[in-house]
Amino acid sequence: MAENEQAKAQTASPSAEESIFTKIINGQIPCKKVYEDDQAFAFHDINATAPVHFLVVPKKPITQLSAVDPSDEQLLGHLMLVASKCAKQEGLDEGYRVVVNDGKHGCQSVYHLHLHVIGGKQLGWPPTGN
Ligand code: AMP
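Residues numbered from 1 in each chain as written. Predicted model: local features only at pLDDT ≥ 70, side-chain atom pairs only at ≥ 80, totals over all residues. Heavy atoms only, no water.

## What about a nonpolar patch on the surface?
To be explicit about the condition: For patch detection, residues must exceed 30% relative accessible area and be free of salt bridges, and they are connected within 9 Å for like charges or within 5 Å for nonpolar side chains (Val, Leu, Ile, Met, Phe, Trp, Tyr). Using a 1.4 Å probe, accessible areas were evaluated by the Shrake-Rupley method; residue-level cover was limited to the displayed protein chains. The term salt bridge refers to a pairing of a side-chain nitrogen on Lys or Arg with a carboxyl oxygen on Asp or Glu at a separation within 4 Å. Strands are runs of DSSP state E lasting at least two residues, helices are runs of H or I lasting at least four, and both sets are numbered from the N terminus onward. Each residue gets one of three labels from its accessible area relative to the maximum for its type: buried under 20%, exposed over 50%, partly exposed in between, using a 1.4 Å probe on protein chains only.
There is a patch of nonpolar side chains on the surface, built from Met80, Tyr96 and Val98 and spanning about 270 Å² of accessible area. Its place among the elements puts Val98 in strand E4 (residues 96-99). Under the relative-accessibility criterion, Val98 is labelled partly exposed at 35%.

## A word on the nonpolar core
Stated precisely, the cut-off is as follows: Side-chain atoms within 4.5 Å link the members of a nonpolar core, which is a set of buried Ala, Val, Leu, Ile, Met, Phe, Trp, Tyr and Cys residues. We call two residues contacting when some pair of their heavy atoms lies within 4.5 Å.
Ala42, Phe54, Val56, Leu79, Cys86 and Val117 are the most contacted members of the largest nonpolar core, which totals 18 residues. Mapped by element, the contributors of at least two residues to this core are strand E1 (33-36), strand E2 (40-44), strand E3 (52-58), helix H3 (73-89) and strand E5 (115-119). A per-element tally of this core places H3 first, with six residues. Residue contacts for Leu79: discarding those within four places in its chain leaves Ala40, Val56, Val57, Pro58, Leu113 and Leu115. One finds Ile24, Phe43, Leu55 and Val110 within the second-largest nonpolar core, a separate group that totals eight residues.

## A short note on the packing of aromatic side chains
A ring pair, where both rings are aromatic, is described by two values, the distance of the centres and the angle of the planes. Cut-off, in case you're wondering: Aromatic pairing here means that ring centres of Phe, Tyr or Trp (its six-membered ring) are within 6.5 Å. Orientation follows from the plane angle: under 30 degrees is stacked, over 60 is edge-to-face, and everything else is tilted.
This structure, assessed with the given rule, holds two aromatic pairs. Between Phe21 and Phe43 the ring centres are 5.3 Å apart and the planes differ by 70°, which places this aromatic pair in the edge-to-face class. Note that Phe21 is positioned in helix H2 (residues 20-25) and Phe43 in strand E2, a separation of 22 residues in sequence. Under the relative-accessibility criterion, Phe43 is labelled buried at 3%. Relative to Phe43, the ring of Phe41 lies with its centre 6.1 Å away and its plane at 50°, an arrangement referred to as tilted. For the pair Phe41 and Phe43, a shared accessibility class is recorded, and that class is buried.

Written out as structure tokens, the structure is:
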């Protein structure tokens, strides 16, 4: 599974076309929704790596963390607050991990900025596979 994600990340890249996450936000692709407001959307990852694994995404189609602009400062803070709120809603009372993968070396496979929120079991550190 991790190897599969690595393989995807080798060929994935930003595109001028709508991302799969924009299609999810617009309701063109179904998802298990966790949260929505005017700036952010959260839904369960289709390939969960833990008992709870959801993604928090901006509605603004920012491709990746390395492409953010200083004008995105408020939005980026908002995404963290949404992650925290949703983690409580999902019952992650014992803690959780928030991950942002950036670019090929970061193993990013979908070029629409997203926070992974992962929990519901004891996680290890450092992450296996680096
Ligand atoms: P990343 O590798 O950080 O770009 O993560 C992309 C994540 O999006 C992966 O964990 C995928 O399992 C997840 N994903 C891809 N397509 C969908 C989908 N249609 N619904 C929910 N999650 C998805």
